[in-house]
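# Observations on the model geometry
This is what each chain is made of:
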Amino acid sequence: MFEKCLTNVRSAAPLVHNITNYVTVNDVANAILACGASPIMADEPDEAEDITSICAGLNINIGTLNQRTIQAMHRAAKKAASLGHVILLDPVGAGASRLRTQTAADLLDNVPFTVIRGNVSELKALAIGSTTTKGVDADAADTVTDANLDRMIDFVRGYAKTTKCVIAMTGAIDLVADADTCYVIRNGRPEMSRITGTGCQLSGIMTAFVAANREHPLEAAAAAVCTMGLAGEIGWKYMQRGDGNATYRCRIIDAICNMDAQTLRAGAKYEIRRNQ
Amino acid sequence: MFEKCLTNVRSAAPLVHNITNYVTVNDVANAILACGASPIMADEPDEAEDITSICAGLNINIGTLNQRTIQAMHRAAKKAASLGHVILLDPVGAGASRLRTQTAADLLDNVPFTVIRGNVSELKALAIGSTTTKGVDADAADTVTDANLDRMIDFVRGYAKTTKCVIAMTGAIDLVADADTCYVIRNGRPEMSRITGTGCQLSGIMTAFVAANREHPLEAAAAAVCTMGLAGEIGWKYMQRGDGNATYRCRIIDAICNMDAQTLRAGAKYEIRRNQ
Amino acid sequence: MFEKCLTNVRSAAPLVHNITNYVTVNDVANAILACGASPIMADEPDEAEDITSICAGLNINIGTLNQRTIQAMHRAAKKAASLGHVILLDPVGAGASRLRTQTAADLLDNVPFTVIRGNVSELKALAIGSTTTKGVDADAADTVTDANLDRMIDFVRGYAKTTKCVIAMTGAIDLVADADTCYVIRNGRPEMSRITGTGCQLSGIMTAFVAANREHPLEAAAAAVCTMGLAGEIGWKYMQRGDGNATYRCRIIDAICNMDAQTLRAGAKYEIRRNQ
């Protein structure tokens with residue numbers, strides 16, 4: 001199934017409209033190109049509707065938001081919703097400032113998101129008002145472990161039910177769920193957290209995956225998570241003496257670029273938990 | 001001739017003012033440094049005139065434009081024109097939104113550009129109102145091929161005549177023309193389109209090339225195109241197993257950095273078509 | 001001492017709020033992660049206070065400033081000052097436009113900076129109104145050499161006394177001083193100036209170093225300078241045939257990532273000049 005999702009991205013090459021932060025935007029664009037889709041970035045309110053109209057998916061990332069780009073998010077999302085496009089929310093730093101938490105909440109009130117992708121701290125900030133986030137990184141207390149796995153799966157499925165979205169909660173163990181089914185994914189490496197923007201890149205390619213697989217948003221989101229995590233594992237194998245986080249950053253995008261269906265099928269590590 | 005253009009960039013080291021998108025801005029800066037010039041980025045209207053005054057060239061790129069940066073473009077361009085500076089327009093995504101198309105049109109109405117550099121879809125959107133652009137990438141229908149080459153050369157020369165600019169239309173085959181003469185350039189590799197920003201980088205170094213070769217804007221623009229395309233060929237030779245678009249992105253800038261006159265002379269692939 | 005400063009960054013992992021330019025922001029984030037700290041970027045005035053409140057240090061870089069981000073700088077700095085946080089000013093391009101010079105001056109009038117880090121041209125523009133800056137790079141006339149070393153040390157110590165800040169003036173020879181003591185540092189390589197943003201990266205990691213070593217801001221700032229310069233030397237050793245400034249950029253951040261206490265102790269090249 002996952003390899004079919006990847007193949008569909010490569011053949012459909014969906015155009016993805018990104019309203020995203022300026023920290024990691026170049027990596028998001030190259031990651032989207034690497035997976036076979038096309039990116040366009042645009043955050044001026046006066047062109048938000050036009051740009052999103054020619055796209056298949058909209059990726060809204062609230063890192064380095066400002067009052068102008070918040071307007072663009074709302075205008076683009078309203079248009080994308082009216083066209084039935086895939087819309088993803090990446091609530092970067094929700095919990096870190098009232099503006100970010102409120103902006104994410106306002107968007108959730110008004111936009112029929114297809115997927116929400118964030119770390120544990122961000123999603124807890126939105127779902128239950130917890131604010132233990134450490135800036136844009138998940139708080140150490142907010143880790144999914146084998147010990148708390150059942151409880152976290154319940155949380156993610158519950159939040160999926162409340163929001164009517166696919167929820168992708170990423171960290172050491174990734175959970176991707178709708179109200180009934182949860183993919184528990186164990187790809188990736190801890191060193192990925194030493195690079196800025198692996199989460200942003202994942203949101204970008206996830207928008208492309210879901211846009212190219214409209215009938216299967218849960219599987220497509222999970223496939224994107226496996227693709228990114230597996231790319232982190234493959235990229236790490238190419239690391240040599242003297243290499244660090246800057247080279248690793250390139251190696252991960254390279255591995256997305258070279259990912260093929262067979263590699264993804266062989267390397268994806270996940271189990272499926274269904275509601276009894 | 002081309003190698004002399006490169007040598008002049010290295011010796012004059014012109015300072016280039018860039019008002020450009022935040023997606024590829026870092027690569028634009030490093031590409032300008034790689035070719036031997038110096039970049040400065042500034043898009044606040046209140047400093048646009050001051051910044052451009054200390055430069056030799058102005059590179060206006062309308063990707064991720066907003067109402068503030070559009071003001072900065074006009075103020076910088078007016079000042080640069082009054083000082084007789086080289087001014088380049090890169091109409092990123094013209095045709096993709098009314099705001100981009102209109103912004104490019106307004107700039108063309110008011111600014112004596114030296115060069116316009118874009119892909120086929122963008123230039124057609126400006127010249128004849130065609131809007132088949134696929135976001136920021138050229139539409140597949142808009143490819144220069146050997147079959148339509150004569151017609152495309154006529155189009156580019158005609159648009160150069162209308163605008164009184166050098167026109168650089170880049171793609172699988174690159175055309176760089178004034179009203180009389182067209183360079184048909186066949187450097188580069190198709191994999192360059194899997195990297196975001198190779199066009200933006202080219203606009204940056206082209207501004208430097210033309211600024212350092214004021215008497216020969218056509219040749220300088222063509223030399224920049226050959227330099228970039230040849231860098232794409234050389235960078236590709238260094239690609240190893242596991243490398244993808246992120247590493248290729250570095251390799252191309254590296255190759256610009258290491259380009260010397262002899263390599264450029266030996267590697268440039270072009271013919272010149274003159275009006276009969 | 002320097003190695004202890006590095007170890008403290010790694011163990012404290014301070015969160016650094018960056019209001020910085022969009023040209024080099026990704027490298028700043030990855031450099032901060034490489035040294036063991038955590039970055040957050042935020043430049044909307046309406047969240048500036050919230051974001052800086054959860055951080056340990058504030059890095060204000062005026063490259064690509066605009067009227068909105070200038071407001072954010074003031075609001076964040078006022079809050080950071082009230083909380084006793086470390087605050088660093090990087091006056092990118094001071095002297096290149098009246099807006100940049102005035103913004104830096106306004107900030108200096110209102111904010112109790114801990115450290116100011118800039119190149120010679122920028123610091124001269126602020127201290128004595130000299131405006132020989134070549135854009136964002138130091139003017140060639142503004143080089144610290146063995147011939148003018150004593151005079152430059154006096155200048156830096158004098159400016160440190162006037163501003164009550166640690167002054168880090170970086171170039172071929174780096175000077176880091178308070179009113180009494182000056183570190184003269186000779187790490188680094190000239191090729192670092194062919195990469196955009198090594199100065200910005202240094203300001204980012206310096207904020208982290210000083211935040212993790214609150215009792216010793218002078219030593220911490222000097223340790224950051226040695227770390228960056230030494231990373232430039234180590235990164236250069238890994239350069240291979242065909243590599244240029246883009247690969248070198250990655251290699252430097254990689255070397256920061258791999259820096260350990262022993263390497264820093266063995267590689268730091270400096271002398272200490274104390275006021276007699």
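All figures in this text were calculated on a predicted structure; none of them were measured in a lab. Residue positions are given per chain, counting from 1 as you read along its sequence in written order. Chain A is the first chain written and ligand 1 is the first ligand written, with later ones labelled in order. Only residues with pLDDT of at least 70 get local features here, since the model is predicted, and only at 80 or more are side-chain atom pairs given and counted; chain-wide, interface and lining totals rely on the full set of residues.

For helix α9 (residues 217–237) of chain C, with 21 residues, the first-to-last C-alpha span of 30 Å sits near the 30 Å given by 1.5 Å per residue. Of all 21 residues that make up α9 of chain C, 17 are buried, and the element is covered over most of its length. Numbering goes from the N terminus for both helices and strands, where a helix is a DSSP run of H or I of at least four residues and a strand is a run of E of at least two. In this analysis, the expected span of each helix is defined as 1.5 Å times one less than the number of residues it contains. Partly exposed residues are those whose C-beta has more than 12 but fewer than 20 other C-beta atoms within 10 Å; 20 or more makes a residue buried and 12 or fewer makes it exposed, with C-beta atoms placed from the backbone.

Our next topic: the interface of chain C and chain B. Any two residues are considered in contact once their C-beta atoms, placed from the backbone, lie within 7 Å. Between chain C and chain B, the contact holds 29 residues from the first and 28 residues from the second. Put simply, the parts of the chain that give the side of chain C that touches chain B at least two residues each are α5 (98–110) and α10 (245–258) of chain C. Classification used: nonpolar for Ala, Val, Leu, Ile, Met, Phe, Trp, Tyr, Cys and Pro, charged for Asp, Glu, Lys and Arg, polar for all others including Gly. Residues of the side of chain C that touches chain B, tallied by class, amount to nine nonpolar, 13 polar and seven charged.

With that settled, consider the sheet that holds strand β9 (residues 270–274) of chain B. All names here are of chain B. The nine strands are arranged β2-β1-β3-β4-β5-β6-β7-β8-β9 in an open sheet whose pairing can be described as mixed. At either margin of the open sheet sits one strand with a lone partner, and together these are β2 (38–41) and β9. In this sheet, adjacent strand axes meet at a mean angle of 20 degrees when their direction is disregarded. Both strand β4 (residues 86–90) and strand β5 (residues 115–119) contribute to a ladder of two bridges, which runs parallel. Should DSSP find at least two bridges between two strands, the strands are regarded as paired. Axis definition: a line fit to C-alpha positions, over the contact stretch in the case of helices; interaxial angles, taken between N-to-C directions, run 0 to 180 degrees.

So, on to the interface of chain C and chain A. Listed by partner, the interface residues are 28 residues for chain C and 29 residues for chain A. Elements with a minimum of two residues in the side of chain C that touches chain A: α2 (25–34), β2 (38–41), α3 (45–53) and α10 of chain C.

This part covers unusual backbone geometry. With a phi angle near 45 degrees, A13 of chain A is a residue other than glycine that sits in the positive phi range. In this structure, A13 of chain A sits in the loop between α1 (2–12) and β1 (15–19). Even without glycine at this site, K164 of chain B takes up a positive phi of about 55 degrees. Relative to the elements of secondary structure, K164 of chain B occurs in the loop between α7 (149–163) and β6 (166–170).

All names here are of chain C. Between α2 and α10, whose axes approach to 7 Å, the crossing angle comes to 25 degrees. Put simply, α2 runs roughly parallel to α10. For the crossing formed where α2 meets α10, the hand is right-handed. Along the contact surface, α2 presents D27, N30, A31 and A34, while α10 presents R249, I253, I256 and C257. Grouping the amino acids of the contact of α2 with α10 by side-chain chemistry returns five nonpolar, one polar and two charged. Roughly parallel here means an angle under 35 degrees, roughly antiparallel means over 145, roughly perpendicular means 65 to 115, and every remaining angle is called oblique. Two helices crossing with the near one rotated counterclockwise from the far one by less than a right angle form a left-handed crossing, whereas a clockwise rotation gives a right-handed crossing.

Below, the discussion takes up the confidence of the model for chain A. Each residue carries a pLDDT value, the predictor's own confidence for that position, ranging from 0 to 100. Mean pLDDT for chain A: 96, with 96% of residues reaching 70 or above. Under the prediction, the complex receives an ipTM of 0.96, its pTM being 0.97.

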